[in-house]
Amino acid sequence: MGPKYQALKGMEDLLPGEIEKWQWLEQKARVFFESRSFKEIRTPLLEYTDLFTRSVGEASDIVHKEMFSFKDRGDRDISLRPEMTASVARAVIEHGLLKTNKSLRLYYLGPMFRAERPQAGRKRQFHQIGIEIINETNLGGFNVDAEAIFQLCSFLSEVGLKDFRLRLNDLGDAVQQKQSAEKLKHYFSGHKTKLCPDCQYRLDRNVLRVFDCKNESCQPVIDKAPWNEIAPLSKPFEALTGALKNHVPFEINRRLVRGLDYYNGTVFEVTAAGLGAQDALAGGGRYDRLYEDLGSDSTPCTGFSIGLERLLAALENSTPSLSERIKLRRVYLAPLEENQKLRTQVYKDALYLRQRDVQVETLLGETSLSKHLKKANQLGIRFVLIMGSSEFEKRCWTAKDMEKKTQNEWPWEKLGTYLEEALSS
Ligand code: HAM
């Protein structure tokens, strides 16, 4: 018999052993986006349901069947956030952030909730890292889209993802969207009987979503949809693809419509190999209507979100795997003296290494080399840095490679280079 209490289906505990990868990725994201002038925003996990109905859209799968919604004690309709773009917009408007800043670059990190059928890569509580570029009109529409796409691709490269595909589509501006929806509706209505019940529902609610259908029987009708004649690619989109060309590989896919209703113009998605059916790692696009829909002024925006579970899975599939890479970036510091000055030096060096992304372990208060080595062994750490009084006097460390069974003394200023080379060998 299993334990009496278990986590909810599709919601997972992140335990030691696994959490190190999360911490590593979250830290990378913070450093990456902050160094590119994005500021963090944190919003509550619960919002009024109406916020998502208005923004993500009533007919979207997310609002229609995937939200964790309930009445609070005051009989108000509230929901766990299924995504962050709407919450960010709500917070920006509520706090008048665009009154004090002409434009905003925000990033976020945190859990989202969608009551989907759990499977590999699809959770009910999952995590996203995302950015929103809000009201950056000086750059002009397609340049901001290009900027968001470049940020996404360079972040994925920065964390070591080698094999990913970027797909783009153009949904057209608000007027074009309305016109093309009418024309598509006309086309699909002519083939209504060949469409699945879900698509028949979408036909009346949000015809674009028909393109998302995976149902075999709908494919011939979808494949023949005259999308290019109905909605030819716009000039700004062509300028965008021109800007991306020669920098990031991409494909244009006219079937990419995204599952949230607030988009217009450019939309994009990144997929990675080896993730099975749930291979969408990140998605985003332009959404110029959202702020107006939520009662504010017209505000052009672009953004994206990356699914952390899926990105971690893709990194784990790479060679070397993320676990191996993290394991390599660990060192054990072994002070052999009680001497306070030596201890202070060890703390300072530990701090220096940690700031450089090296995970440092040590046993505080221990001075026996054999006990230090035993602990390092238990932790599976390959490199042990030893400091006794002689190393302290000479401002160096003895570096012991537990795997290769070698040991050398390194002056502090050369230790970094040694570790860099050894950790990646
Ligand atoms: P989204 O495509 O719904 O976009 O989600 C972004 C990413 O979150 C997906 O590509 C996927 O990696 C991950 N994800 C979504 N659902 C699940 C799930 N059930 N389990 C695991 N991972 C999942 C958005 O959320 C938009 N807010 C993106 C955006 C930001 N657009 C503009 N700004």
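Please refer to the structure higher up on the page.
All chains use their own residue numbering, which begins from 1 and follows the written sequence. Local features in this predicted model are restricted to residues of pLDDT 70 or higher, and side-chain atom pairs are both shown and tallied only at a pLDDT of 80 or more, whereas totals for entire chains, interfaces and linings draw on every residue. As a rule here, side-chain values come from all non-hydrogen atoms in the structure, and water together with hydrogens is ignored.

Peer 1: What am I meant to see in the pairing of strand S13 (residues 359-362) here?
Peer 2: Residues in a regular strand project their side chains so that they alternate between the two faces of the sheet. Sheet topology note: the strand S12 (residues 330-335)/S13 ladder contains 4 bridges and is parallel. Within S13, the position partnered with Tyr332 by the bridge is Glu361. Between the parallel pair S12 and S13, the chain is carried across by helix H15 (residues 340-355), and the sense of this crossover is right-handed. Two strands are said to pair when DSSP picks up at least two bridges between them. Helix and strand definitions follow DSSP, with helices as H or I runs of at least four residues and strands as E runs of at least two, each counted in order from the N terminus. With the strands aimed away from the viewer, a crossover counts as right-handed if its path from the first strand over the helix to the second runs clockwise.

Peer 1: What should I look at first to understand the sheet that holds strand S11 (residues 301-307) in this one?
Peer 2: Each strand in a sheet pairs with its neighbour through backbone hydrogen bonds, running either in the same direction (parallel) or in the opposite one (antiparallel). Taking strand neighbours across the sheet as the criterion, the 8 strands line up as S1-S5-S6-S11-S10-S9-S7-S8 in an open arrangement whose pairing is mixed. At either margin of the open sheet sits one strand with a lone partner, and together these are strand S1 (39-40) and strand S8 (251-252). Looking at chain direction, strand S6 (residues 125-134) and S11 are connected through 7 bridges and run antiparallel. Paired with Ile133 across the strands is Thr302, a residue of S11. Sitting on the sheet, helix H1 (residues 19-34) is in contact with S1, strand S5 (104-113), S6 and S11, with an inclination near 160 degrees to S5. Any pair of residues with heavy atoms lying within 4.5 Å of one another is described as a contacting pair. Axes, fitted as lines to C-alpha atoms, cover a helix only where it is in contact. Angles between the N-to-C directions of the axes lie from 0 to 180 degrees. Its contacts with the sheet put helix H4 (residues 85-94) on S5 and S6, and the angle it makes with S5 is roughly 130 degrees.

Peer 1: For this particular structure, what's the right way to read the nonpolar core?
Peer 2: The nonpolar side chains of a soluble globular protein tend to be buried, and buried together. In terms of nonpolar packing, the biggest core is built from 49 residues, with Val88, Ile134, Leu184, Phe188, Phe211 and Tyr291 touching the most fellow members. The dominant element in this core, judged by the number of residues it contributes, is H4, at 5 residues. In this structure, Phe211 is in contact with Leu184, Phe188, Ile222, Ala225, Trp227, Arg255 and Val257, ignoring residues within four places of it in sequence. The term nonpolar core refers to a set of buried residues drawn from Ala, Val, Leu, Ile, Met, Phe, Trp, Tyr and Cys, joined through side-chain atoms within 4.5 Å. Exposure classes here rest on a 1.4 Å probe applied to the protein chains alone. A residue is buried below 20% of its type maximum, exposed above 50%, and partly exposed in between. Judged by nonpolar contacts, the second largest core, of 43 residues, contains Phe32, Leu161, Val248 and Ala282.

Peer 1: I tried to follow the side chain of Glu136 on my own but got confused; where do I start?
Peer 2: Structurally, the position occupied by Glu136 is in the loop between S6 and helix H6 (141-158). Here Glu136 falls in the buried class, since its relative accessible area comes to 11%. A 3.5 Å cut-off defines polar contacts: any pair of N or O atoms within that distance qualifies, except that in protein one atom must be a possible hydrogen donor and the other a possible acceptor, and neighbouring residues in sequence count only when both atoms are side-chain atoms. A distance of 2.7 Å separates the side chain of Glu136 from the side chain of Arg105, its partner in a polar contact. Beyond its immediate chain neighbours, meaning those up to four positions away, Glu136 contacts Ser103, Arg105, Val144 and Pro300.

Peer 1: For this particular structure, what's the right way to read the site of the ligand?
Peer 2: Of all residues adjacent to the ligand, which total 26 residues, the nearest are Glu83, Glu116, Lys123, Arg258 and Tyr263. Thr85 is positioned such that a nitrogen or oxygen atom in its side chain is 2.9 Å from a nitrogen atom of the ligand. One nitrogen or oxygen atom from the side chain of Glu132 is found 2.9 Å from a nitrogen atom belonging to the ligand. Accessible surface is estimated by sampling points in the Shrake-Rupley manner with a 1.4 Å probe; for residues, cover comes only from the protein chains shown. In the complex, 96% of the free accessible area of the ligand, which totals 660 Å², lies under the protein chains. At the level of secondary structure, the elements contributing two or more residues to the shell around the ligand comprise S6, strand S10 (280-286) and S11. For the shell around the ligand, the leading source of residues is S10, giving 5 residues. Residue classes follow a fixed rule: Ala, Val, Leu, Ile, Met, Phe, Trp, Tyr, Cys and Pro count as nonpolar, while Asp, Glu, Lys and Arg count as charged, and any other residue, Gly among them, counts as polar. Looking at the shell around the ligand residue by residue, the class counts come to 10 nonpolar, 8 polar and 8 charged. Note on definitions. A residue lies near a molecule or strand when any single heavy atom of the residue is within 4 Å of it.

Honestly, that's just the spatial picture; any functional story needs more than this.
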